[in-house]
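Listed below, chain by chain, are the residues.
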Amino acid sequence: GYSAGGDGVYQLAPRMADRFAAEHRPGSLGILLDQDGTITETSTSNIAIVTQGTIQTPPSEKVLSGVTQLMTEILAEEMGKKLERNQILFGKMPQS
């Protein structure tokens with residue numbers, strides 16, 4: 001997760017990831033990974049992946065909580081979709 005304080009690594013890493021992603025695909029945001037190589041979020045948003053009708057998001061303790069995360073939970077429940085909080089390995093992400 002992030003540190004809201006003055007830890008420069010947590011402030012610099014998202015900007016570096018975004019810059020790298022935009023060099024390869026303009027307008028793209030970098031995906032942030034935890035130390036174990038699992039996906040956490042982007043610099044500006046949470047990540048949710050839908051595979052075989054199930055919505056997968058990283059575990060709550062790995063990301064900043066926010067409106068997007070809450071709305072994903074609410075909409076999944078309203079739509080009758082299964083929501084799982086699992087570690088998502090970067091190499092297992094669907095290509096788009």
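Refer to the structure above for everything that follows.
Residues numbered from 1 in each chain as written. Predicted model: local features only at pLDDT ≥ 70, side-chain atom pairs only at ≥ 80, totals over all residues. Heavy atoms only, no water.

**Student:** Hey, could you run me through the pairing of strand 2 (residues 39-42) in this one?
**Tutor:** When a strand is regular, its side chains alternate between the sheet's two faces. Alignment of strand 1 (residues 31-33) against strand 2, held across three bridges, turns out to be antiparallel. Residue pairing for strand 2: Leu32 is matched across the bridge by Glu41. Between strand 1 and strand 2, which pair antiparallel in sequence order, lie five residues; one of them, Gly37, sits at a positive phi of approximately 85 degrees. (Pairing = 2+ DSSP bridges. Helix = DSSP H or I, 4+ residues; strand = E, 2+ residues; numbered from the N terminus.)

**Student:** Teacher, can you tell me more about a nonpolar patch on the surface here?
**Tutor:** On the surface, Val67, Leu70, Met71, Ile74, Leu75 and Met79 cluster together into a nonpolar patch covering about 560 Å² of accessible area. Along the chain, Met79 falls in helix 2 (residues 67-79). (Patch = residues over 30% accessible without salt bridge, like charges linked within 9 Å, V, L, I, M, F, W, Y side chains within 5 Å. Areas by Shrake-Rupley, 256 points an atom, 1.4 Å probe, with all protein chains shown as cover. Salt bridge = Lys/Arg side-chain N within 4 Å of Asp/Glu carboxyl O.)

**Student:** How should I be thinking about the sheet that holds strand 5 (residues 82-85) in this particular structure?
**Tutor:** If you trace the three strands from one edge of the open sheet to the other, you get 3-4-5, paired in mixed fashion. Of all the strands in the sheet, just strand 3 (49-51) and strand 5 have a single pairing partner and so form its edges. Strand-to-strand twist in this sheet, taken as the mean axis angle between neighbours without regard to direction, amounts to 30 degrees. Two strands pair when backbone bridges link them, and strand 4 (residues 54-57) and strand 5 are joined in this way by four bridges, in the parallel orientation. The residue bridging Thr54 from the neighbouring strand is Lys82, located in strand 5. Contacting strand 4 and strand 5, helix 2 crosses the sheet at an angle of about 145 degrees to strand 5. (Axes fitted to C-alpha atoms, helices over the stretch in contact; angles between N-to-C directions. Contact = heavy atoms within 4.5 Å.)

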